[in-house]
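Chain and residue survey
Chain residues, written in single-letter form:
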Amino acid sequence: MDQISSDAAPPPDPPGRSAASLDDVDRAIIRELQADGRLSIRALAERVSVSRSNAYTRVERLVDEGVITGFTARVDPVRAGLGTAAYVLVNIEQNSWRTVSARLREVPCVEHLAFVGGDVDLVMLVRTPDNASLRDVVLSRVHALEGVRSTRTWLIFDESPPTP
């Protein structure tokens, strides 16, 4: 009998199922972990009013089902030396989207990449140390990719940190 690695992806959802079934306790657990991913199971259980074993079992299930995809640190980009931020809107040749998206994911300083509907094909969040670095990313890296037709850059003057 073959053993399944714990690193294996969860099995695909059954047809027609688009999201995991979450109850109020699951949602409370997610909210608490989004606020503090370093929270111990004991503290988590206390905050959501369940036993430690229940909290542990629920967190494991949420991870196994792919609802929780990881634990991470929130970083202040300015204090990390990335004080310039911009949304870069990209238009591409339609038959090149797979290649272009794979290459854009390799470009340094691209924090987020999303395919969108509307007047543009992709929206990227780019964080760089300064405007000269941003210019280099957009003009030398992004425009150099085969399949990129055009870009528009929206400089971010101020932003609110994400709320958990």
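About the thresholds
- Residues numbered from 1 in each chain as written.
- Predicted model: local features only at pLDDT ≥ 70, side-chain atom pairs only at ≥ 80, totals over all residues.
- Heavy atoms only, no water.
- Core = buried A, V, L, I, M, F, W, Y, C linked by side-chain atoms within 4.5 Å.
- Buried < 20%, exposed > 50% of the residue type's maximum accessible area, 1.4 Å probe, protein only.
- Helix = DSSP H or I, 4+ residues; strand = E, 2+ residues; numbered from the N terminus.
- Contact = heavy atoms within 4.5 Å.
- Pairing = 2+ DSSP bridges.

Okay, the nonpolar core next. Residues V90, L104, L122, M124, V126, V142 and V148 are the most contacted members of the largest nonpolar core, which totals 18 residues. Of all elements in the fold, only β1 (84-92), α4 (97-104), β2 (110-115), β3 (122-128) and α5 (131-142) reach the threshold of two or more residues within this core. Contact partners of L122, with chain neighbours within four places excluded, come to V88, L89, V90, I92, V100, L104, L113, A114, F115 and V116. A28, L33, L44 and A45 belong to the second-largest nonpolar core, a separate cluster that totals 13 residues.

Another point: the pairing of β1. Taking burial as the measure, the nine residues of β1 include eight buried ones, the bulk of the element. Note that β1 and β3 share seven bridges and pair antiparallel. Bridge pairing links A86 to V126 in β3. Relative to strand β4 (residues 148-156), β1 runs antiparallel, the two being bridged by eight bridges. Directly across from V88, in β4, lies its bridge partner T153.

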